[in-house]
Amino acid sequence: MHAARLRSRAAAATAATAALTAVALTAAPLTGVTAAHAATVPHTKAVPASAGHTLVRAVGSPLSIAQCQAQFKLNCYDPIQYRKAYNLEPLYKAGITGKGRTIVIVDSFGSPTIQHDLDVYSKQFGIPSTKVDVVKWGNVPAFDPKNSDMTGWAGETTLDVEMAHAVAPDAKIVLVETAVAETEGTTGLPEMMDAEKAMIDRGVGDVISQSFGATENTFPGFDKGDFSSIQNLRYAFKDAAKKHVTVLASSGDGGATDNTADGKGYYKERVNSWPSSDPLVTSIGGTQLHLDDKGNRVKPDSVYNDHGAGGGGQSHVFGRPSFQNAVKGVVGNRRGTPDISMAAAVDGGAWIYSSYDPTATGWDITGGTSEACPLFSGIVALADQAAGHRVGNINEALYTLYKQSAHGKNTGIVDVNDGTNNSYQGVDGYTAVNGYDMATGVGTVDAARFVPALARASRRG
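Residues numbered from 1 in each chain as written. Predicted model: local features only at pLDDT ≥ 70, side-chain atom pairs only at ≥ 80, totals over all residues. Heavy atoms only, no water.

Another aspect to go through is the nonpolar core. By size, the foremost hydrophobic cluster in this structure holds 88 residues, and its most contacted members are Leu88, Phe376, Ile379 and Phe450. Among the elements that make up this core, the one with the highest residue count is helix α10 (residues 369-387) (nine residues). Setting aside its immediate chain neighbours within four residues, Ile379 contacts Leu88, Val167, Met342, Val445, Ala447, Phe450 and Val451. Phe109, Met150, Val281 and Val317 belong to the second largest nonpolar core, which has 31 residues in total. (Core = buried A, V, L, I, M, F, W, Y, C linked by side-chain atoms within 4.5 Å. Buried < 20%, exposed > 50% of the residue type's maximum accessible area, 1.4 Å probe, protein only. Helix = DSSP H or I, 4+ residues; strand = E, 2+ residues; numbered from the N terminus. Contact = heavy atoms within 4.5 Å.)

Shown next, in the form of structure tokens:
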């Protein structure tokens, strides 16, 4: 069987930009696997997140928005602009920086230069760096910069770590690097779930960021209505719920559809992906920011829909959880995604720095819900610090805040309702309208208000 992570896509490059790359992350299936016994676990092949699809890469230094528009026909943003856009500075001034909290990031192979790259990134923007604790799970092979799988995963690792740090600069980051080969001969999801459960059981981490996903339809048994292959993989999330660890997942970059099992085609109907669709996970969708040089919005956020589109829709595996009863008119009797959204568009992508590939050291412009998820992990780390304890599974609290905001209370939830949509690859998606929708969930955040509201609404673990 084929298994793949969130895979990158980009628009056609012009001749002027072909040598410079912008990484556009989008979803491909990380297919199904599961079963406690080796004999019943299908063989899978891991495909990294950002392999082979680049548009703007290895720039000597970050450029201004105007320069990006002139050279690449894209908007590009740095963490200082993000901090303004999401109103984070009042929290920092109050000492809410993520200090004392830990974000766990799980990626195959990792990056051999992640600490150096985070240090360069942080120095560029005047942000204190932080130590990245690397945990190798399994027999992780030596990094080979000529191996496209490894460099793809290294790109994802770089994005995850730098985005989480941009929002929660004093949070501790634990990077769990998983090996591709397992004793059963499988790769991907079982290994990642094992690693996550081990971290949870050891008390490592307050929030887990997952920038990977698999189309539900690609799991064994799905076409026969047998969802045990997914159900058998949920053990890490059940453990997280008991230990009050927040679990996040990217909603995907295929809009209302997503990749078929070969990782190349797309379903012709609406589908969803796991783990984003899991009710024990908070699904993070994507928006497009429209900012000036200072990070002020020049117009309201849109749905991410360029070189990919924010994933969202009804799960075909999970019924509507009770926390979504308030939005049953939208999701029906199924679990709906996403729950909330942050920046993901490629046109409005984030600057990141990497040096794992000696032939392409420098600054890249990156997008996708693989960006949105680690950004939101930083928001959760801030809420953990503000609460003085883990906020745990935030879904019930999130929809409680949504209901309060619908009744006029300012909870820091900002509706995205500009009428854009996540239609993609010929499959009609969902439109951003007033209130909850399956394009951006409840919307996005004004962090200065949302973080303390989430801290108050979440139960103590």
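The interhelical angle for the contact between helix α11 (residues 395-406) and helix α12 (residues 447-457), taken along N-to-C directions, is 120°, at an axis separation of 9 Å. The angle between α11 and α12 places the two elements in the oblique class. α11 and α12 meet at a crossing whose hand is right-handed. Only Phe450, Ala453, Leu454 and Ala457 of α12 make contact with α11, whose side of the interface consists of Ala397, Leu398 and Leu401. Of the residues assigned to the contact of α11 with α12, the class counts are seven nonpolar, no polar and no charged. (Axes fitted to C-alpha atoms, helices over the stretch in contact; angles between N-to-C directions. Parallel < 35°, antiparallel > 145°, perpendicular 65-115°, else oblique. Left-handed = near helix turned anticlockwise from the far one by under 90°. Nonpolar A, V, L, I, M, F, W, Y, C, P; charged D, E, K, R; others polar.)

The next thing to look at is the pattern of salt bridges. Between side chains of opposite charge, pairing is possible as soon as their charged atoms come close. Applying the stated criterion to the full structure yields 14 salt bridges. For Asp301, the salt bridge identified is with Arg297, shortest N-O distance 2.7 Å. We note a salt bridge from Asp339 to Arg335, for which the minimum N-O separation is 2.8 Å. Each member of the pair, Asp339 as well as Arg335, is classed as buried. (Salt bridge = Lys/Arg side-chain N within 4 Å of Asp/Glu carboxyl O.)

Put simply, the largest pocket is a space of about 340 Å³. Taken together, 17 residues line the largest pocket, and the ones lying closest to its centre are Val391, Asn393, Glu396, Ala397 and Arg459. Ranked by the residues each element gives to the lining of the largest pocket, the list is headed by α11, at four residues. Looking at side-chain class alone, the lining of the largest pocket contains seven nonpolar, seven polar and three charged residues. (1 Å grid on protein atoms, 1.4 Å probe; cavity = no way out; pocket = protein on both sides within 12 Å on 5 of 7 lines; lining within 4 Å. Points joined across faces, edges and corners; volume = space filled by probe spheres on them.)

In this model, the chain carries a mean pLDDT of 87, and residues with pLDDT of at least 70 account for 86%. Note that pLDDT drops below 50 for residues 1-54; the model gives that stretch 225 contacts with residues more than four away or on any other chain. Contacts for the low-pLDDT stretch residues 181-187, under 50 throughout, to residues beyond four places or in other chains number 18 contacts. (pLDDT = per-residue confidence, 0-100.)

Attention shifts here to the packing of aromatic side chains. Tallied over the entire structure, the rule returns 14 aromatic pairs. With centroids separated by 6.4 Å and ring planes inclined at 80°, the aromatic side chains of Phe143 and Tyr356 adopt a geometry described as edge-to-face. Taken together, the residues Phe143 in the loop between β5 (132-137) and α5 (148-167) and Tyr356 in the loop between β16 (349-354) and β17 (362-367) connect sequence positions 213 residues apart. Geometrically, the ring pair formed by Phe323 and Tyr399 is tilted, given 5.4 Å between the ring centres and 35° between the ring planes. Of this pair, Phe323 sits in the loop between β13 (313-319) and α9 (328-331) while Tyr399 sits in helix α11, placing them 76 residues apart in sequence. Residue classification places Phe323 among the buried residues on the basis of a relative accessible area of 15%. The class of Tyr399 is buried, set by a relative accessible area of 1%. These aromatic residues form a ring-pair network of at least three members: Tyr121, Phe125, Tyr353 and Trp363. (Phe/Tyr/Trp six-rings, centres within 6.5 Å; stacked < 30°, edge-to-face > 60°.)

Let us now look at unusual backbone geometry. Across residues other than glycine, the phi torsion is negative in most instances, and most of the peptide bonds are trans. Geometrically, the link from Trp274 to Pro275 is a cis peptide bond, its omega value of 20° lying close to zero. Cis geometry marks the peptide bond from Thr337 to Pro338, where omega comes out at 0°. Looking at the element boundaries, Pro338 is found in the loop between β14 (334-337) and β15 (340-343). Of note in this structure, Gln425 is not a glycine but carries a positive phi near 50°.

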